[in-house]
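Spelled out, the chains give:
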Amino acid sequence: MKPTLFVPLLLAAGCAVAAQRASVPAVELHGHHFSTELATDDASREHGLMMRTQLPPDHSMLFVFPDSEPRWFWMKNTLVPLDILYFDTDRKLVSMQLDVPPCKADPCPSYPSDAPARYVLELAAGTARNIGAQTGDALTIEGNVGTVR
């Protein structure tokens, strides 16, 4: 292949990968990248990660709310332990609930934020500690969140 043809092909391939990556939602926290599922309406936020038997270590669920206020999550019908991280409107980490166990019987306890939050990120239990996440860390959201209701 001629060098003059190789460079445009390489650039086109790089653009295609970047476009594909931008269309798949992902988040970055403390220098670590996670693919993510979005929960942006009441129904998806209520269902969350219920009935999942596993959550890969490089995967997450991002709950996006239309406003910022104190939040609390519970683990009803959630079968895997999780880290629950709460972020403010500026996507700064304000609170963490780590190694939250599944709820095996009602009543299920709730796990509150220590401050108002607009974004909540769920990761496999132990992930926040493994990556060194700390209060004040910034959450970067890649891709389009879409409409939040």
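Up top is the structure.
Here is what the cut-offs are and how they apply
Residues numbered from 1 in each chain as written. Predicted model: local features only at pLDDT ≥ 70, side-chain atom pairs only at ≥ 80, totals over all residues. Heavy atoms only, no water. Helix = DSSP H or I, 4+ residues; strand = E, 2+ residues; numbered from the N terminus. Buried < 20%, exposed > 50% of the residue type's maximum accessible area, 1.4 Å probe, protein only. Contact = heavy atoms within 4.5 Å. Areas by Shrake-Rupley, 256 points an atom, 1.4 Å probe, with all protein chains shown as cover. Pairing = 2+ DSSP bridges. Disulfide = S-S within 2.5 Å.

Draft legend 1. Focus on the overall build of the chain. Each helix and strand counted, the chain has 3 helices and 9 strands in total. For the chain, the succession of helices and strands along the chain, N to C, is α-β-β-α-β-β-β-β-β-β-α-β. Taken over 149 residues, the chain has a buried fraction of 36%. Partitioning the contacts of the chain with sequence separation of at least 6, the portion at a separation of at least 24 is 72%. In the form shown here, the chain has an accessible surface area of approximately 8,400 Å², with 58% of it arising from carbon and sulfur atoms.

Draft legend 2. Just unusual backbone geometry, in detail. The linkage connecting D106 with the following residue, P107, adopts the cis geometry, with an omega of -5 degrees. The phi dihedral of H30 is positive, around 50 degrees, even though this residue is not glycine. With respect to the helices and strands, the residue H30 is situated in the loop between β1 (26-29) and β2 (32-39). Taking relative accessible area as the criterion, H30 reaches 34% and is therefore assigned partly exposed. Residue R91 is not a glycine yet carries a positive backbone phi of 65 degrees.

Draft legend 3. Quick look at the pairing of strand β8 (residues 117-124). Most of β8 sits inside the fold, with 7 of its 8 residues counted as buried. One ladder, built from 6 bridges, connects strand β3 (residues 59-69) with β8; its direction is antiparallel. Following the sheet pairing, F63 is matched in β8 by V120. Bridging between strand β5 (residues 82-87) and β8 involves 6 bridges; their strand directions are antiparallel. Counted as the bridge partner of L82 is A124 from β8.

Draft legend 4. View of the state of the cysteines. In this structure the tally under the stated criterion is 1 disulfide. What pairs with C103 in a disulfide is C108, and their sulfur atoms sit 2.0 Å apart. Where C103 bonds to C108 through sulfur, the torsion about that S-S bond is close to -90 degrees, and the disulfide is left-handed. The exposure class of C103 is buried, given its relative accessible area of 16%. Accessibility expressed as a relative area gives 14% for C108, which makes it buried.

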